[in-house]
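Residues per chain, in single letters:
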Amino acid sequence: MLLHQVVSALTSRRGFALLLVALSMLVLLPGQASIPPIDRDEPRFAQASRQMLESGDFVDVRYQDTPRNLQPAGIYWLQSASISVFGSNAREIWPHRIPSWLSSIGIVFLTWWVGALLFTPLTGRFAGTLIACCFLLGIEAHLAKIDAALCFAVLLAQAGLAKVYVSRDSDTNLIWWAALFWIALGVGVLLKGPIPLMIVGGTILALVILERRAAWLGDLGSLWGAPLMLAIAAPWYVAIGISTHGDFFRTALGYSLIGKLTQAHQSHGGMPGYHLLLSPLLLWPGSIFAILAAPFIWSERKTAAVRFCIAWIIPAWLVFELSGTKLPHYTLPLLPAVALLAAAGLVHAGQRRFFGRPWIFAFAALIWLVAGAAVALGPLALMMRFQGAIAPLSIALAGIAIVCMFAVLWLIATGRLRTALAVVAATAAIVAFNNFQLVIPRLDTVFTSPRLISALNAAQLCEHTRVVSFSYREPSLVFLYERGDVFYPDTLEEAAQNVSADPTCSLILADAGDAAFLSAVTPPGAALAPITSLDGFNHNTGDDMHLTIYRLRQPAS
């Protein structure tokens with residue numbers, strides 16, 4: 001009865017809106033406050049935003065004393081605003097995550113809107129449901145980074161472009177849609193520089209090539225729209241160029257953008273096809289419908305709506321596949337288009353009682369089950385590896401999720417596709433709650449910095465105590481430590497200088513193999529006294545750690 005009521009709610013616009021809000025809360029809200037800062041990017045963004053708010057300098061972004069000339073200031077403005085509104089204690093990570101969380105909810109509803117615009121209202125509802133369940137979107141909603149906000153800005157620009165495109169042969173007044181397009185692009189450029197231009201420009205170029213006509217682009221109002229975009233983005237770019245004497249552009253364009261396109265940064269490389277191979281996992285659990293929709297997409301490739309989605313996906317996807325640096329979240333701004341095509345295929349299949357050939361279903365089912373097992377059971381394996389035990393409730397929820405996966409396949413095979421979509425949504429909610437609320441926050445061995453903070457606070461020497469560490473260099477410690485400064489020296493000589501600047505109020509943090517570091521920071525005649533030790537695991541390096549906190553014991557006078 002309950003399942004029937006949930007499915008029936010899809011037929012009511014208001015009921016579906018409430019259902020989508022509930023689904024978004026169930027998938028995107030758990031763990032927002034309980035998951036510690038996740039190294040390394042998230043605490044770097046959070047620390048830079050906190051420093052921006054403290055300094056009052058909203059142009060020059062800095063992480064500690066280092067200029068952060070990797071991306072524009074847009075995301076730092078959003079996080080600073082969130083801290084001001086929601087975070088009385090700026091050392092908590094959840095206020096910094098609010099922009100990503102709100103952007104993710106916006107993505108869900110925008111996908112619904114664009115789906116109704118391009119296809120049908122029912123397609124929009126299905127697409128909104130699929131993107132709300134998206135595994136990658138759930139991850140980015142929990143990270144105080146740029147990617148969810150970037151996806152929202154790109155999706156907003158694509159919504160304006162889609163309206164102009166589908167109305168190209170009508171007399172509709174499109175000025176407000178064109179304004180939406182340019183405003184969203186201006187915001188996107190403030191978030192991630194030229195990346196939104198690449199995605200949206202690739203869409204336009206592909207549509208022009210496929211249709212061999214460009215007259216409809218006149219409705220975008222480029223003569224006034226491009227200046228509007230520049231009016232939004234250019235002031236900060238001019239200000240940062242003057243403030244850094246051009247260093248921002250040399251770093252952001254030369255190192256961050258061109259460097260990532262031509263080579264693998266920080267070992268984040270991969271062969272072409274990397275993103276395609278990961279897509280069943282990143283779009284899970286909606287990836288089952290995306291794979292099954294392939295015959296529909298091919299047969300309808302010349303229709304305006306499908307063509308628009310294909311033009312949205314393929315050019316930018318090829319750029320990401322061919323770039324030297326590859327990270328899973330790069331394709332996030334393209335996944336709403338994949339969800340739209342999957343939803344359109346789902347509606348088509350429901351009308352025709354056809355969803356591909358049997359071999360496609362078998363192929364999709366196998367890939368989907370493997371991806372689902374990784375999402376549902378992977379965190380439990382980490383819990384067993386690092387904590388040595390798994391809570392019975394987490395085991396039960398993972399088991400229910402696995403049963404739901406097989407139920408989805410059975411429902412699809414028997415033609416009950418809408419019920420299958422409802423079970424997919426329920427599965428996503430169960431897995432999200434289990435992973436984000438029950439499992440990940442309890443990985444104490446992986447989240448070493450919060451335990452270090454407790455130990456450092458207990459070992460406090462002065463009101464303002466500095467911490468000097470050589471091997472453990474995670475930004476989360478910098479972000480969380482509020483009783484002094486954290487120094488990560490690059491050389492042994494610099495480490496000695498950091499300690500000698502205030503030896504009485506310095507704590508030294510060392511790993512088991514840091515003998516040379518410990519020797520360098522110990523002045524002649526002094527000795528190091530261990531205060532406490534703890535074990536941990538660095539998920540960025542893959543190394544087990546045995547960390548000890550020392551203080552200097554000065555020679556008796």
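Above this note sits the structure.
Just so it is clear, the model here is predicted, and its values are computed rather than measured.

Q: Please clarify how the environment of Cys-151 should be interpreted in this entry.
A: Within the fold, Cys-151 resides in helix α8 (residues 147-166). Sequence spacing of Cys-151 and Leu-332 is 181 residues, and the spatial spacing of their C-alpha atoms is 6.5 Å. Among residues more than four places away in sequence, those in contact with Cys-151 are Ile-107, Leu-332, Pro-333 and Pro-336.

Q: I keep staring at the side chain of His-96 and nothing clicks. Help me out?
A: Relative to the assigned elements, His-96 resides in helix α5 (residues 94-118). When its relative accessible area of 0% is taken as the criterion, His-96 is described as buried. Among the polar contacts listed, one links the side chain of His-96 to the backbone oxygen of Glu-92, at a separation of 3.1 Å.

Q: What should I look at first to understand the pattern of salt bridges in this one?
A: Charged atoms that come close allow side chains of opposite charge to pair. Under the definition given, this model contains 14 salt bridges. Measuring nitrogen to oxygen at the nearest pair gives 3.3 Å for the salt bridge that ties Arg-62 to Asp-60. Of the residues examined, Asp-60 reaches a relative accessible area of 11% and is grouped as buried. The partner of Arg-213 in a salt bridge is Glu-211, and the shortest N-O contact between them spans 3.6 Å. The exposure class of Glu-211 is buried, given its relative accessible area of 16%. Three or more residues are tied together by salt bridges with common partners; here these are Arg-168, Asp-169, Glu-211, Arg-213 and Arg-307.

Q: Would you explain the sheet that holds strand β6 (residues 527-538) in this entry?
A: Hydrogen bonds between backbone groups are what pair the strands of a sheet, and the pairing can be parallel or antiparallel. In spatial order, the strands read β4-β3-β5-β7-β6; together these 5 strands make up an open sheet with mixed pairing. On the outer flanks of this sheet lie β4 (486-487) and β6, each paired with one strand and no other. Across 4 bridges, the pairing between strand β3 (residues 466-469) and strand β5 (residues 506-510) is parallel. Residue pairing for β5: Arg-466 is matched across the bridge by Ser-506. The sheet strands contacting helix α21 (residues 448-458) are β3, β5, β6 and β7 (543-553), and the helix crosses β6 at an angle near 160°.

Q: What exactly am I supposed to notice about the layout of surface pockets here?
A: The gaps of empty space that remain are located by a probe, the size of a water molecule, rolled over the atoms. The space that makes up the second largest pocket amounts to roughly 660 Å³. As for the second largest pocket, its lining consists of 21 residues, and the residues nearest its centre are Leu-276, Ser-279, Ala-290, Ile-297 and Val-338. Among the elements that make up the lining of the second largest pocket, the one with the highest residue count is helix α16 (residues 304-322) (6 residues).

Q: What is the right way to look at the state of the cysteines in this model?
A: Cysteine pairs can be linked by a disulfide, which is a covalent bond between their two sulfur atoms. Taken as a whole, this structure holds 1 disulfide when the rule is applied. Shown here is the disulfide that connects Cys-462 with Cys-505, its sulfur atoms set 1.8 Å apart. Looking along the S-S bond of the Cys-462-Cys-505 disulfide, the torsion reads about -85°, which is the left-handed sense. Placement of Cys-462 in the loop between α21 and β3 and of Cys-505 in the loop between α23 (492-500) and β5 is noted, with a sequence separation of 43 residues between them. The cysteine Cys-134 is free of any disulfide, with Cys-151 supplying the nearest cysteine sulfur at 8.7 Å. What makes Cys-134 buried here is its relative accessible area of 1%. For Cys-309, which is in no disulfide, the shortest distance to another cysteine sulfur is to Cys-151 and amounts to 13 Å. We classify Cys-309 as buried; its relative accessible area is 0%.

Q: For this particular structure, what's the right way to read the pairing of β6?
A: Look at any regular strand and the pattern is simple: side chains alternate between the two faces of the sheet. In the sheet, β6 pairs with β7 via 11 bridges, with the strands oriented antiparallel. Pairing of Leu-534 across the sheet is with Leu-547, part of β7. Hairpin connection from β6 to β7: 4 residues lie between these consecutive antiparallel strands, with Gly-542 at a positive phi of about 75°.

Cut-offs used in this document
- Residues numbered from 1 in each chain as written.
- Predicted model: local features only at pLDDT ≥ 70, side-chain atom pairs only at ≥ 80, totals over all residues.
- Heavy atoms only, no water.
- Helix = DSSP H or I, 4+ residues; strand = E, 2+ residues; numbered from the N terminus.
- Contact = heavy atoms within 4.5 Å.
- Buried < 20%, exposed > 50% of the residue type's maximum accessible area, 1.4 Å probe, protein only.
- Polar contact = N/O pair within 3.5 Å; in protein donor to acceptor, adjacent residues only side chain to side chain.
- Salt bridge = Lys/Arg side-chain N within 4 Å of Asp/Glu carboxyl O.
- Pairing = 2+ DSSP bridges.
- Axes fitted to C-alpha atoms, helices over the stretch in contact; angles between N-to-C directions.
- 1 Å grid on protein atoms, 1.4 Å probe; cavity = no way out; pocket = protein on both sides within 12 Å on 5 of 7 lines; lining within 4 Å.
- Points joined across faces, edges and corners; volume = space filled by probe spheres on them.
- Disulfide = S-S within 2.5 Å.

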